[in-house]
Amino acid sequence: MVVTFKVTDSEQGAWAVLQVSGELDLMTSPVLRQRVHDVVAEGRHSLVLDLSQVHFCDSSGVGVLIAARRLLRSCQGRLRLVLPAQGAVDGSHVNRVLGALGVRRLFDVHADLEGAVGEEPLSA
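Q: Explanation requested: helix H3 (residues 93-101) in the structure shown.
A: An α-helical segment advances 3.6 residues per turn. Residues three or four places apart therefore align on the same side. Of all the residues in H3, the buried ones are His93, Val94, Asn95, Val97 and Leu98. The inward-facing, buried residues of H3 abut strand E3 (46-57), helix H2 (59-74) and strand E4 (78-82). Immediately beyond the C-terminal end of H3, within one or two residues, lies glycine 102, with a positive phi of roughly 75 degrees.

What follows is the structure, encoded as structure tokens:
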């Protein structure tokens, strides 16, 4: 079975949204890293990463999320993650991985995209 990795870019209000689907691993994490850098280079510093359709995440994927947080903080930006607590198989895989590694607390996590973009980002 081949799982397609896909990153879709959109905007919702003041937020840039990257919707990610597939497996976030050693092979695909550079794609997401580049897309995050592209968004920031375009001057968009309020970013939501919708990871609700990511079915697998390894340490390189976690590294990309931590690097994205660091990058956005360095330019006084904001990062929010969409990680459903409930789902088809006991919630988001990424949510469980971040929790197991003890780094989930570093992120502003929302259960759905509507909640993530519901509040306007603070101005820098």
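On we go from here.
Q: Any chance you could explain empty space enclosed by the protein here in plain terms?
A: It is a probe the size of a water molecule, rolled over the atoms, that shows where empty space is left. For the coordinates displayed, the defined rule picks out one cavity of 30 Å³ or more. When contributions to the lining of the largest cavity are tallied by element, the ones reaching two or more residues are helix H1 (29-41) and H2. Residues of the lining of the largest cavity, tallied by class, amount to four nonpolar, one polar and one charged.

Q: It is not clear to me how the pattern of salt bridges should be interpreted in this structure. Could you clarify?
A: For side chains bearing opposite charge, pairing can occur when the charged atoms are close. According to the stated counting rule, one finds five salt bridges in the structure shown. In this structure, the salt-bridge partner of aspartate 9 is arginine 44, at a minimum N-O distance of 3.1 Å. One end of the pair, aspartate 9, is in strand E1 (residues 6-12); the other, arginine 44, is in the loop between H1 and E3, with 35 residues separating them in the sequence. Take aspartate 9: its relative accessible area is 34%, and that puts it in the partly exposed class.

Q: Sorry, what's going on with unusual backbone geometry here?
A: Generally, phi is negative for residues other than glycine and the peptide bonds are trans, each holding for most cases. Notably, glutamine 76 is not glycine yet its phi reads approximately 55 degrees, a positive angle. Tracing the backbone through its elements, the reader meets glutamine 76 in the loop between H2 and E4. In this structure glutamine 76 comes out as exposed when scored by relative accessible area, which is 56%.

Q: Teacher, can you tell me more about the nonpolar core here?
A: The tendency in soluble globular proteins is for nonpolar side chains to be buried side by side. Judged by nonpolar contacts, the single largest core of 29 residues is most densely connected at Leu32, Leu47, Leu49, Leu51, Leu81 and Leu98. Only strand E2 (15-24), H1, E3, H2, E4 and H3 provide two or more residues apiece to this core. In this view, leucine 47 contacts Trp15, Ala16, Leu18, Val36, Val39, Leu72, Arg78, Leu79 and Arg80; residues no more than four positions away in its chain are not counted. Listed in part, the seven residues of the second largest apolar core include Trp15, Val82, Leu113 and Ala116.

Q: Teacher, can you tell me more about the environment of phenylalanine 5 here?
A: Looking at the secondary structure, you find phenylalanine 5 in the segment before E1. A relative accessible area of 19% places phenylalanine 5 in the buried class. When the C-alpha atoms of phenylalanine 5 and valine 54 are compared, they prove to be 8.7 Å apart, with 49 residues separating the residues in sequence. Setting aside its immediate chain neighbours within four residues, phenylalanine 5 contacts Val20, Ser21, Gly22, Glu23, Leu24, Thr28, Val31 and Leu32.

Basis of the calculations
- Residues numbered from 1 in each chain as written.
- Predicted model: local features only at pLDDT ≥ 70, side-chain atom pairs only at ≥ 80, totals over all residues.
- Heavy atoms only, no water.
- Buried < 20%, exposed > 50% of the residue type's maximum accessible area, 1.4 Å probe, protein only.
- Helix = DSSP H or I, 4+ residues; strand = E, 2+ residues; numbered from the N terminus.
- Contact = heavy atoms within 4.5 Å.
- 1 Å grid on protein atoms, 1.4 Å probe; cavity = no way out; pocket = protein on both sides within 12 Å on 5 of 7 lines; lining within 4 Å.
- Points joined across faces, edges and corners; volume = space filled by probe spheres on them.
- Nonpolar A, V, L, I, M, F, W, Y, C, P; charged D, E, K, R; others polar.
- Salt bridge = Lys/Arg side-chain N within 4 Å of Asp/Glu carboxyl O.
- Core = buried A, V, L, I, M, F, W, Y, C linked by side-chain atoms within 4.5 Å.

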